[in-house]
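Structural overview for review
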Amino acid sequence: MYYNANGERIARWRWRELLQARRNRLDLIKAGFTRRDLVNMGLLTAGGMLIAKRGLSSRAYASWGSGTDCHYDNSGCGNCASPSITPFLMNMPIPPVKQPIALSSLTGPAPTIAPNNAINPATGKAYEGRTRAHQSPIGTDSRLPFPATKIYQVTQQAAGVTVSGDLPTQQLWTFDGVSPGPTYVAQYGTPILIRNYNNLPSNNGGFGLNSVTTHLHNGHTPSESDGFPCDYFSAGQYYDQYYPNQLAGFLSTHQSTNGDVNEALSSLWYHDHREGFTAQNVYKGLVGHYLLFNAFDTGNETTGFRLPSFPDYDIPMMFADRCFDAQTGALAFDTFNIDGILGDKFMVNGVIQPVLHVHPRRYRFRWTNTGPSRFLQLYLTDLTSPSTPQPFWQISNDGNLLPHPVQVPAVALGVAERADVIIDFAQYAGKTIYIENRLNQPNGQGGPTGGVVAGGQGFLCLKIIVDLSTVSDNSAVPSASTSYYTLPSVSASPRVTRNFKLDQDRNGQWIINDKLFSCNTSRFAVQQNSLEKWVIDNGRDWSHPMHVHLEEHQVTQGAPGLYGSDSDDHNDYQRWGSQYCWSGCTSNSSTGVNLARKDTVRLTPRSTVTIKMRFRDWLGRYPMHCHNVIHEDHAMMLRFDVATTGDTKSNP
Amino acid sequence: MNDRTINRRGMFGRLAAVPLAVGVAASAQGGQKRGAPAAAPPAGKRTFAPPLSGRETVRRRYFPDVELVTSEGDKVRFYDDLIKDKIVILNLMYAKCDGVCPITTSNLKAVRKILSRDVDHDIFIYSMTVKPEQDSPAALKDYARVHGVSDPRWLFLTGKPADVDLLRHKLGFADRDPVVDRDKTRHSGMLRYGNEPTAIWGTCQGSAEPEWIAEEIAFAIPRQFKRHPRVND
């Protein structure tokens, strides 16, 4: 029989661990670390108890640690304890803008409409990993020239990347040697073709699969170029992806106007979507930005909507949390944790807690939560007065512009959700402002939350120093009366209402309407161009950012708002799942930033949302899935097809 | 193999070197100096242990070399004898299970058939009981017989309860909800599969269609799949 310090009976191996923990503590103290060092390194609790080592698996040991219940507390139940680093020493990287090349400069054979299945003698494999032809009318419609108006070539490859001066160089998987990868700057009306080479090594360093499929998240993309999870291709192959950059409806509901400008997109991102390995590959670095401009959102603050000019005052930012091995300092992935992974280091554009110097003027920041599992609620914080609210303007909720800017105290982002914001740093001239995540998330499942902590008590992600020179600012002053786009109507009667119940079976397998995922099984067929109404019901006390490919939807009921205050009752799913409004709205219908076109909708515990959309212009297979990439991989996903004739399955 | 006693001791010693678990939010609140001027970095970077190979990283984190017993009564080491240098599929079961286990077992039989047809490699299947207190080797042997499993590369495993429980936790098969975790009829129905030398490890649903499970498991066997995995158009 073995007993812990509280006299509780414990397993022998657990006792050995405790014994070893004590030895570790003595060793660490002998090595010269002070108690404060240990607390700061996350190795010692405030009570002086050395936290017993648990490997990296939070699922494995969730109920252990400091005698607390992991559902409701934060102590001793997290995923990792990365080495301590000194924050705010490195500048925030801004990924380079990807440059097009001449068609003749492509490596390998010229692009073809049909997949190039000829065997590459150098690899013994087909040149191209694509299995389906670029669909009609690509190559026949004058708006869809083939190969494309602009040609790019990108290479997925391993590269040494610095994420902090205090950590060794990380061997990440990158696009063109950087992570996040290069930023694509695209224009509506200018189709592009990206030849995507997979040069990833078979040596994965412990996680990652060198078989990939790159999804353009939020893209109105033909199925064969979408990065469908099962359209993966091998190392040594390329995959030509054709991005039309056309407004939704251009071949269907809005042919006469060449698409519906109210469906315009602005802030997209690309990431690996490999079935079963998305989490590993994204965690390893395979992400990047894709910006889309048009005659209104021009990238020039003297034209169109007069949004701050790209690239000087329009800056994309990817937020990610990560774990690093305490011994080797290497990026650590928790392979067998299938509930969700939380990191304790916060990266922005690939660097842990970086610094950004700005001019005292308006900026457009494009925020993306790249996960893998953490929900964010981002605030601006002035540490000299941390409890003072610092409102700013949110202009998008996912990849497009809202009908008008909404002044907000914070932005909540599930994995894959995005928000463009406008912050006027003139009011902070000479000051330092932090972007702070104040959402207290105790586990990777994403719920219940531990509430929202007070200003200055959360995770400081980015330090913004307003110390550059005063410069002119020609961007428009955002206000509630500024108009961007009008929300397309979804008030027509839907052709079909489909219900989706998200759950786990008795044995921990994700099910949607009691069915499991398979790449080969299409669960229902959407009839192209018709209005669909989907009711998604989250049957458990977990959270899921649900993502639908191809088209944006509007959340007509059950959209979540900001998470509550730290007095929030985290047992109260009903309240947690209900709408938090910035200014006193009470109904469950969408208001404020939820009057938006979305591609990812956050389902809070035991909540139900209703979304409506039309799938237009392109045919073929697409998925709906949870974008907690750990849930996605195992396999909270279904495949549907867009077809000329759809079915009316109501519980597919 | 070397002296296993020494190996085992070494294993626990290495386990102790694994990063310590900590509440993430707790470390955020207690672990960061708020607003303090950034301290100058120490002269030179702090030193870290040399990087580990992928397979070594995975082994240290997840594969304690505990002793298990097969349905034939043979004593085997989890890492050295079952995992090392192999392509494997792992699942949980118990002998008197009439819930998910028969489905998974039947699926794995079909998966075995598909993979023998399509893959040149040996693939080992390990079904580990979640009730080691009850499941003797004989009970597991009976389960295998009843389910028509007679396959030298498919082992049914039991062991000391603490060892089995350690493995169950290390492999992420435990449920974080203690009530669910105590209910053995609700043990994880997921499969772990992997290719130990290449450090490719994945998870899939044991109740899925066997054809799809086989395709997923083949992910861990790059290039040796005779057919390109198919997706219906």
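About the thresholds
Residues numbered from 1 in each chain as written. Chains lettered and ligands numbered in written order. Predicted model: local features only at pLDDT ≥ 70, side-chain atom pairs only at ≥ 80, totals over all residues. Heavy atoms only, no water. Helix = DSSP H or I, 4+ residues; strand = E, 2+ residues; numbered from the N terminus. Buried < 20%, exposed > 50% of the residue type's maximum accessible area, 1.4 Å probe, protein only. Areas by Shrake-Rupley, 256 points an atom, 1.4 Å probe, with all protein chains shown as cover. Pairing = 2+ DSSP bridges. Axes fitted to C-alpha atoms, helices over the stretch in contact; angles between N-to-C directions. Core = buried A, V, L, I, M, F, W, Y, C linked by side-chain atoms within 4.5 Å. Contact = heavy atoms within 4.5 Å. Polar contact = N/O pair within 3.5 Å; in protein donor to acceptor, adjacent residues only side chain to side chain. Disulfide = S-S within 2.5 Å. pLDDT = per-residue confidence, 0-100. Salt bridge = Lys/Arg side-chain N within 4 Å of Asp/Glu carboxyl O.

So, about the overall build of chain A. The secondary structure content of chain A amounts to five helices and 37 strands. Looking at chain A as a whole, 67% of its 652 residues qualify as buried. Surface summary for chain A: the accessible area is close to 20,200 Å², and the carbon and sulfur share equals 50%.

Scanning chain B from N- to C-terminus turns up nine helices and seven strands. Buried positions account for 55% of the 233 residues belonging to chain B. Of the roughly 9,800 Å² that chain B leaves accessible, carbon and sulfur atoms contribute 52%.

Residue and element names in this part refer to chain A. With respect to topology, four strands assemble into an open sheet ordered 7-14-13-10, the strand pairing being mixed. Here the strands that pair on one side only, and so sit at the sheet edges, are strand 7 (181-187) and strand 10 (214-217). Ignoring strand direction, the axes of neighbouring strands in this sheet form an average angle of 20 degrees. Two strands pair when backbone bridges link them, and strand 10 and strand 13 (residues 267-272) are joined in this way by four bridges, in the antiparallel orientation. Bridged to H215 within strand 13 is H271.

Our focus in this paragraph is the nonpolar core. Ranked by size, the top nonpolar core spans 67 residues in total, and within it F63(B), L68(B), F78(B), I83(B) and I89(B) carry the most contacts. Counting 36 residues, the second-largest nonpolar core is a separate cluster that includes I138(A), L193(A), F524(A) and M613(A).

What follows deals with the pairing of strand 3 (residues 87-93) of chain B. All names here are of chain B. For strand 3, the tally of buried residues reaches seven of seven residues, placing the bulk of the element in the interior. Side chains I87, I89, N91 and M93 of strand 3 all project onto a buried face; the interleaved residues V88, L90 and L92 project onto the opposite face, where all are buried too. Two elements, strand 3 and strand 6 (residues 190-195), share four bridges in a ladder whose sense is antiparallel. In the strand pairing of strand 6, I89 is matched with Y193.

This paragraph deals with the sheet that holds strand 35 (residues 608-614) of chain A. Residue and element names in this part refer to chain A. The strand order across the open sheet formed by five strands is 29-28-31-35-33, and the pairing between neighbours is mixed. The open sheet is flanked by strand 29 (510-512) and strand 33 (554-557), the only strands paired with a single partner. Between one strand axis and the next, the sheet turns by 25 degrees as a mean value, whatever way the strands run. Where strand 33 lies against strand 35, three bridges are found, and the strand directions are antiparallel. Bridge pairing links V555 to I611 in strand 35.

This brings us to the pairing of strand 32 (residues 544-548) of chain A. Residue and element names in this part refer to chain A. Where burial is concerned, most of strand 32 is hidden: five out of the five residues are buried. Burial along strand 32 is two-sided: H544, M546 and V548 and P545 and H547, pointing in opposite directions, are all buried. Of the pairings in the sheet, the one linking strand 32 to strand 34 (residues 600-603) comprises four bridges and is antiparallel in character. Residue pairing in the sheet places H547 in a bridge with T600 of strand 34. In the sheet, strand 32 pairs with strand 36 (residues 620-626) via three bridges, with the strands oriented antiparallel. Bridge pairing in strand 36 links V548 to M624.

This part covers the environment of S530(A). Residue and element names in this part refer to chain A. Residue position: S530 is located in the loop between strand 30 (522-527) and strand 31 (531-538). Sequence-wise, S530 and N120 are 410 residues apart; in three dimensions their C-alpha atoms are separated by 43 Å. Each residue touching S530, except ones within four places of it in the same chain, is listed here: R495, M613, R614 and F615. Of the polar contacts made by the side chain of S530, one reaches the backbone oxygen of Q527; its length is 2.7 Å.

Another point: the state of the cysteines. Summed over all chains, the structure comprises two disulfides over all chains. Two residues share a disulfide in this structure: C230(A) and C519(A), whose sulfurs sit 1.3 Å from each other. Torsion about the S-S bond of the C230(A) and C519(A) cystine: about -60 degrees, corresponding to left-handed handedness. Taken together, the residues C230(A) in the loop between strand 10 and strand 11 (233-234) and C519(A) in the loop between strand 29 and strand 30 connect sequence positions 289 residues apart. Each member of the pair C230(A) and C519(A) is classed as buried. Through a disulfide, C97(B) is tied to C101(B); the S-S separation comes to 2.2 Å. On the sign convention where negative means left-handed, the S-S torsion of about 95 degrees between C97(B) and C101(B) marks this disulfide as right-handed. Accessibility classification places C97(B) together with C101(B) in one group, the buried group. As a non-bridged cysteine, C626(A) has C230(A) as the owner of its nearest cysteine sulfur, 17 Å distant.

To continue, consider the confidence of the model for chain B. Detailed conclusions should not be drawn from predicted coordinates in areas where pLDDT is low. Residue and element names in this part refer to chain B. Scored by pLDDT, chain B comes out at a mean of 81, with 76% of its residues at no less than 70. Segment residues 1-44: pLDDT under 50, and 106 contacts once partners within four positions in sequence are set aside and those in other chains are kept. Predicted confidence is poor over residues 224-233, with pLDDT under 50, and the contacts of this stretch with residues over four places away or in other chains come to 29 contacts. As a predicted assembly, this complex carries a pTM of 0.86 together with an ipTM value of 0.86.

This part covers the pattern of salt bridges. A complete count under the given rule lists 44 salt bridges over all chains for this structure. Where K431(A) meets D382(A), a salt bridge forms, and the shortest distance between an N and an O atom there is 3.4 Å. Here D382(A) lies in the loop between strand 21 (376-381) and strand 22 (392-394) and K431(A) lies in the loop between strand 25 (418-424) and strand 26 (432-437), a separation of 49 residues in the sequence. Since its relative accessible area comes to 5%, D382(A) is described here as buried. With a shortest N-O distance of 3.8 Å, E67(B) and R77(B) are connected by a salt bridge. Of this pair, E67(B) sits in strand 1 (residues 67-70) while R77(B) sits in strand 2 (residues 75-77), and the two are 10 residues apart along the sequence. Here the residues in one salt-bridge network are D398(A), E417(A), R418(A), K598(A), D599(A) and R602(A), joined through shared partners.

Most of helix 3 (residues 54-62) of chain B is tucked away: seven of the nine residues are buried. The set of residues buried in helix 3 of chain B consists of G54(B), E56(B), T57(B), V58(B), R59(B), R61(B) and Y62(B).

Turning next to the side chain of N262(A). Residue and element names in this part refer to chain A. Examined against the element boundaries, N262 turns out to sit in the loop between strand 12 (238-243) and strand 13. Looking at N262, its side chain comes within polar contact range of the main-chain nitrogen of T486, at 2.9 Å. For N262, the residues in contact, after removing those within four places along its chain, are Y485, T486, P488 and R597.

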